[in-house]
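Chain residues, written in single-letter form:
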Amino acid sequence: MSRRLRLGFLTIFAAACAIAFTLLLLYTFSRPGLRVRIDLSQTGTGGLSERTVSAIVQLPEGCRLTAFLFPEDDSLRWYNSTVYEQAFHRVRSLVEDARVHSAGNLETLVLDLQSPMVAREREMNRSERKPGEAIILESGTQRRVLSFEDLFQILRANFQDETPARIQRERIDAALGDAIISLVTGATLKAGIVTGYGQASIQDPQGLMGLAQLLARENWEPLAINGPADAADLDLLVFVDQKQPFLPTDLAAIQEWLAADKSVLLALGPNASPAAVNQWNELLADRGTGFEPGLICEPVRAAGTMIEGRAECAKLEINAERFSGEHPITMPLVENQRLLLIIGARPVRFASGTNDYTQERLIRTDKEAWVDLPNPNGFLYAFDDKEERGIRAVAVASERWAPNAQGRHGRIVTLGSSASLGPGLDYNRDFVTSSLQWLAAADRHASGLIGLGERPFHPDRQTLARINNISIYGIPGVTFLFGLWIFWRRKR
Amino acid sequence: MRAFYALWKREVFSMLVSPFAFVLLGFWFLLNGLMFAVVLDSQAVQSDLRLLPPYLFGSGLLVWLLLPAFPPLLCIRLFAEEHRVGTLEPLLTAPIRDCAVVLAKYFAACVFFLLFWGGVLLLFFLLQWSGGDLDWSRVLGGLVGAVLVSFLFLATSLWASSWGSNLVLGAGGGAALNYMLLFVPALFELNEGALGAIARSMHLPNFLDRGFAAGLLDSYALVYLIGMSVLFLFLTWVRLVSRRWVP
C-alpha cells in the first residue's frame, strides 16, 4: 500500500472517530434529562412559567404541537403595525422552550409563510385547521386549539388617529399551560349554556359563540340547553342575561342544582328582566349575593377633565387595584397588572349571607362611581341628586366553607354585566378563563399570565440622524482610517 | 504553555498590524451599521426594541449572509498563507506542540473577532445613550450566541485554511462549509422523522433567534457550538500532523 493511501486511510479513520465522538456527545446532551434552559430575561418571563413547564413534563408520549404563524387579519397590518412580527417571534421562542422542556414527548412544528407550501397544505389538511387558529395541540385523538386572540390581547387600529394596532397583553404562556393541563387531565367537563330565556345563541358570533369557544378551549364541553331542567348530568350552568323569569319546572331544577352545590356562572346585565333578577336574588339570598337595579357609571377622563353624561360612562375600565388580591380568580390578574373593560354593568350585591358560605368581592368600581337609575327616557349616564357615589361590586364569588359530602364546593360567580361575556369577551378573557378554572375546582396556584412591559423607542429626526451617522459613517470610517494608518506606517 | 502564549501573541499582533484585517473590520462595521440603521428605522423595532437583538444576532440578514463569509477571510492567512510562503514547515518543526500551534492561531483569530462584535455592541450602547430602553439580557444573550457561532465558523475556516497553499480554496472552502452549516439544516427542518429532528438540532439561526437572542440560555446549544468547534480544531490538527504518522 502506498504511503499516500495509508495516510489517507489514517486521516479518514481519525476524522471519523472524532465525528462519531462528537455526534455521541451531542446526542447525549440533546436528551431532555440533560438539557437545561436558563431564562436570563430581566423579568424572568422570557421562557415558559413554572406552571406550564410542570404541565408539559406530564405530557404523554407522542404529543404534537403545530404553530401556524400566518398573518391572516389584514387590519393588524394597517398603518405599519407590527403586531404579527412581535407575536410570531414570541410564539417561536416559547414553542421552542416547550419542546426543550417536554422530555421528548412533544413534537413541535412551526409553519409560517416562508415554509414550503406543500408542508403548509399537508399540515393544514391533517390537523383540519380553520382560519385564525394559531396553535393546535394533539395527543392521540384529543386536540386543543388556540386562536391568535387566545394568545394575545390586541388593541385594534384606530382609523380616526390612524394609529396602528398593537399588542396590549400577552397570555400565550397561560393559554398554552391551560391547554396542556386539559390534555393531561383528559376528562372533559360539561357546561350548559342556558339559551331558553331570551339569551343569545351559541352559534351567533355576536352572541355567545365566543364564550362557547372559550369554554371548549378550557376543557369544557359547551352545550346549549333551554333551561336548568335539561341540566341533569352537567357540571356547570352558564346564564348570560335572562329576559324572562324561570318556568316552575326550571325554577325547581335550579333550586335543586344550587342545593346540590353545583357550579354556576351567572351574568345579568342592566337589561335583564326584573322578575328574573328577583328570582335570582331569592335563590342566592343565603349566599349574601344577588343583583341590584341600575347601571354602574363612572366619570370618563377626557381632555384633562372628568366628563359625565355620555354612554362611555357605562364602560368601566377596571385596573388591577380594583381586583381582589385574595381570591384565586383575580390573584393572577393583580400579579400581572391586567386591565378589564366591563361594558354595561349592574351592581352586584355583596352582603352577608348564612355562615355556610363565604363571599369575595372580585371586582369593584372606583369611589366616584354611581348607579344610574333608569327613567322613562332610558339611562342618562349622568349623576343626579337621587343617586349616590361610592364603591360598588361588579363581580362576586361565593362558595361553601368546606366541600359537601360529594366533594362539591358550590361555587358561583355572579357578574353584573352580560355584555362582558358576549361581544366584550375579548377584553375580559383572562377573568373569564380564571373564573372557569375556579368553577372547575382547578384553581391556579401559579399563574401563567405574563405582564409585558413595553419598550418603544420613537426618536426624533435629529437623534435618528445622529445614530445613523455614527453607525454608518463614524465607526466604519474610523476603522478604515486606522487600517490606512497601519498601511502607511508599514510602508514607511 | 510559554511557546503557546508567544505564538498567540505573535498572531494577535500580526492581525492588529494587518491593513487587510482592518479593511475587513471596516466593511463588517459598515454593513452592520447599515443594517442597524435600516432595522432601527422600521416601525416594528421602534414600537418594541426587544425585536432588535433577534434582527442583529438571530434571523437577520447578518447571520445568513455576512457571518459565514468573514471568518474564512480572516483565517486564510493563518495556515494557507504560511503554507504558500513556506513558513509552515519551520513552525511545525519548532519546539512547540502541534496542538498548541492550532490553538494559538485559533484563539488569536477568536480574540480579533471579538473586535468585530465589540463594534456591534457599541451600536447598542449608542442606542441606550440616545434614549432607547434596551432589554440587556436579550442583547447580551444574543451577543454570546453570535460570538459562539462566529467561533464555530472560525474553527471551520481554520480547517479549510489548513487544506493547502491555495488561498482561494481556503477562503472559498471555509465559506462553503459555513454556509452549509447554516443552510442544510434549514432545508430539512420541516422534514418528518429522524432527518427533520437532526436538522432541527443543528439549526444555528434557531439557536440564536429562539434561544440566545430571546434571553434563554440553552445547554444543548452551548454544547453544540463548542463541541463542533472542537471537532473542527481536531480535524485541523489531524490535517497538519497526519503526514508524520506514516514514515
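Residues numbered from 1 in each chain as written. Chains lettered and ligands numbered in written order. Predicted model: local features only at pLDDT ≥ 70, side-chain atom pairs only at ≥ 80, totals over all residues. Heavy atoms only, no water.

1. Focus: the overall build of chain A
Stated precisely, the cut-off is as follows: The helix and strand labels rest on DSSP assignments: H or I over at least four residues marks a helix, E over at least two residues marks a strand, and numbering proceeds from the N terminus. Only protein chains enter the accessibility calculation, which uses a 1.4 Å probe; a residue whose area is less than 20% of its type maximum is buried, one above 50% is exposed, and one in between is partly exposed. Using a 1.4 Å probe, accessible areas were evaluated by the Shrake-Rupley method; residue-level cover was limited to the displayed protein chains.
From N to C terminus, chain A includes 12 helices and 22 strands. Residue burial in chain A is summarised as follows: out of 492 residues, 50% are buried. Roughly 23400 Å² of accessible area belongs to chain A as shown, and the carbon and sulfur atoms make up 54% of that amount.

2. Here's the deal with the overall build of chain B
Condition: Should any heavy atoms of two residues lie within 4.5 Å, those residues are considered in contact.
When its secondary structure is counted, chain B shows 14 helices and one strand. Long-range pairs, those at least 24 residues apart, make up 74% of the contacts in chain B between residues at least 6 apart in sequence. Accessible surface, chain B as shown: approximately 9000 Å² in total, 74% of it carbon and sulfur.

3. Topic: a nonpolar patch on the surface
Residue and element names in this part refer to chain B. Basically, it comes down to this: Patch definition: residues above 30% relative accessible area lacking any salt bridge, with like charges linked at up to 9 Å and the nonpolar side chains Val, Leu, Ile, Met, Phe, Trp and Tyr linked at up to 5 Å. Whenever a carboxyl oxygen of Asp or Glu lies within 4 Å of a side-chain nitrogen of Lys or Arg, that contact is scored as a salt bridge.
A cluster of nonpolar side chains, namely Met180, Val184, Leu187, Phe188 and Leu195, defines an oily patch on the protein surface of about 470 Å² accessible area. When residues in the nonpolar patch are grouped by element, the largest group, four residues, is from helix H11 (residues 167–188). Its place among the elements puts leucine 195 in helix H12 (residues 193–201). Residue class for leucine 195 comes out partly exposed when judged on its relative accessible area of 44%.

4. Quick look at the interface of chain B and chain A
The condition is simple: Reported buried area values correspond to the accessible surface (1.4 Å probe) lost by two parts on association, with both partners' losses combined. Here a polar contact means two N or O atoms within 3.5 Å. Within protein one must be a hydrogen donor candidate and the other an acceptor candidate, and residues neighboring in sequence count only if both atoms are side-chain atoms.
Contacts between chain B and chain A engage 67 residues on the former and 72 residues on the latter. When chain B packs against chain A, close to 6100 Å² is buried across both sides, 66% of that on carbon and sulfur atoms. Contact with chain A buries surface across chain B, with Leu190, Arg210 and Val246 of chain B losing the most and accounting together for 12% of the total. For aspartate 218 of chain B, the salt bridge is made with arginine 37 of chain A, and the minimal N-O distance between the two is 3.3 Å. Taken together, the connections running from chain B to chain A amount to seven residue pairs in polar contact (both at pLDDT 80 or more).

5. Looking at the sheet that holds strand S2 (residues 63–69) of chain A
All names here are of chain A. This is how it is decided: For two strands to pair, DSSP has to find at least two bridges joining them. Here, axes are lines fitted to C-alpha atoms. For helices the fit covers the stretch in contact, and angles between N-to-C directions go from 0 to 180 degrees.
Read from one edge of the open sheet, four strands run S3-S2-S4-S5, paired in mixed fashion. Edge strands, defined here as strands with exactly one partner in the open sheet, are strand S3 (106–112) and strand S5 (142–147). Strand-to-strand twist in this sheet, taken as the mean axis angle between neighbours without regard to direction, amounts to 15°. As judged from the six bridges shared by strand S4 (residues 133–139) and S5, these two strands associate in the antiparallel manner. Pairing of glutamate 138 across the sheet is with arginine 143, part of S5. Helix H3 (residues 83–101) rests against S2, S3 and S4 of the sheet, and its axis sits at about 160° to S3. Running at roughly 125° to S2, helix H4 (residues 117–127) makes contact with S2, S3, S4 and S5 of the sheet.

6. Regarding the pattern of salt bridges
Oppositely charged side chains can form a pair if their charged atoms are brought close together. Residue and element names in this part refer to chain A. If you walk through the whole model with that rule in mind, you get 31 salt bridges over all chains. Between glutamate 107 and arginine 64 there is a salt bridge, and its shortest N-O distance comes to 3.9 Å. In this pair, glutamate 107 sits in strand S3 while arginine 64 sits in strand S2, placing the two residues 43 residues apart along the sequence. In this structure glutamate 107 comes out as partly exposed when scored by relative accessible area, which is 36%. Two residues, arginine 156 and glutamate 149, come together in a salt bridge whose shortest N-O distance is 3.9 Å. With a relative accessible area of 42%, arginine 156 lands in the partly exposed category.

7. So, the nonpolar core
One recurring pattern in soluble globular proteins: nonpolar side chains tend to sit buried together. The test is simple: Only buried residues count toward a nonpolar core. Its members are Ala, Val, Leu, Ile, Met, Phe, Trp, Tyr and Cys residues joined through side-chain atoms within 4.5 Å.
Counting 91 residues, the largest nonpolar core has Trp28, Leu40, Trp117, Leu204 and Tyr224 of chain B as its most contacted members. Sort the elements by how many residues they give to this core and helix H9 (residues 98–129) of chain B lands first, with 17 residues. The residues touching tryptophan 28 of chain B, leaving out its near neighbours within four places in the chain, are Leu62, Leu66, Leu67, Phe70, Phe116, Trp117 and Val120 of chain B. If you look at the next biggest cluster of nonpolar residues, it comprises 39 residues, including Leu208, Leu333, Ala369 and Leu415 of chain A.

8. Structural notes on the pairing of strand S10 (residues 236–240) of chain A
Residues and elements named next belong to chain A. Condition: Handedness rule for crossovers: strands pointing away from the viewer, path from the first strand over the helix to the second running clockwise, crossover right-handed.
For S10, a buried count of five out of five residues is recorded, marking the element as mostly surrounded by other parts of the structure. Here S10 shows no split at all, with Leu236, Val238 and Val240 on one side and Leu237 and Phe239 on the other all buried. Here three bridges tie strand S8 (residues 189–194) to S10, and the two strands are oriented parallel to one another. Pairing of isoleucine 193 across the sheet is with valine 238, part of S10. The parallel pair S10 and strand S11 (residues 263–267) is bridged by helix H8 (residues 248–259), and the resulting crossover is right-handed.

9. Some remarks on helix H13 (residues 204–211) of chain B
The buried count for H13 of chain B comes to eight of eight residues, which makes it a mostly enclosed element. Within H13 of chain B the residues assigned to the buried category are Leu204, Pro205, Asn206, Phe207, Leu208, Asp209, Arg210 and Gly211 of chain B.

10. Focus on the pairing of S4 of chain A
Residues in a regular strand project their side chains so that they alternate between the two faces of the sheet. All names here are of chain A. For S4, a buried count of seven out of seven residues is recorded, marking the element as mostly surrounded by other parts of the structure. For S2 and S4, the ladder comprises four bridges, and the chain directions are antiparallel. Across the sheet, the residue bridging to leucine 65 is leucine 137, located in S4. The turn linking S4 back onto S5 is made up of two residues, and glycine 140 within it adopts a positive phi angle of 60°.

11. Examining the side chain of glutamine 46 of chain B
Within the secondary structure layout, glutamine 46 of chain B lies in helix H3 (residues 43–47). For glutamine 46 of chain B, the side chain forms a polar contact with the main-chain oxygen of leucine 40 of chain B, separated by 3.1 Å.

12. Side note on empty space enclosed by the protein
Residue and element names in this part refer to chain B. The test is simple: The method works on a 1 Å grid over the protein atoms by themselves. A cavity is a set of points holding a 1.4 Å probe that cannot get out, a pocket is an open set with protein on both sides within 12 Å along at least five of seven lines, and residues with an atom within 4 Å of a point line them. Grid points are joined across faces, edges and corners, and a volume is the space filled by probe spheres set on the points. Gly is placed with the polar residues, together with every amino acid not listed as nonpolar (Ala, Val, Leu, Ile, Met, Phe, Trp, Tyr, Cys and Pro) or charged (Asp, Glu, Lys and Arg).
Taken as a whole and judged by the stated rule, the model has four cavities of 30 Å³ or more. For the lining of the largest cavity, the secondary-structure elements that each account for two or more residues are H13 and strand S1 (216–218). For the lining of the largest cavity, the element with the highest residue contribution is H13, accounting for four residues. Partitioned by chemical class, the residues of the lining of the largest cavity number four nonpolar, two polar and five charged.

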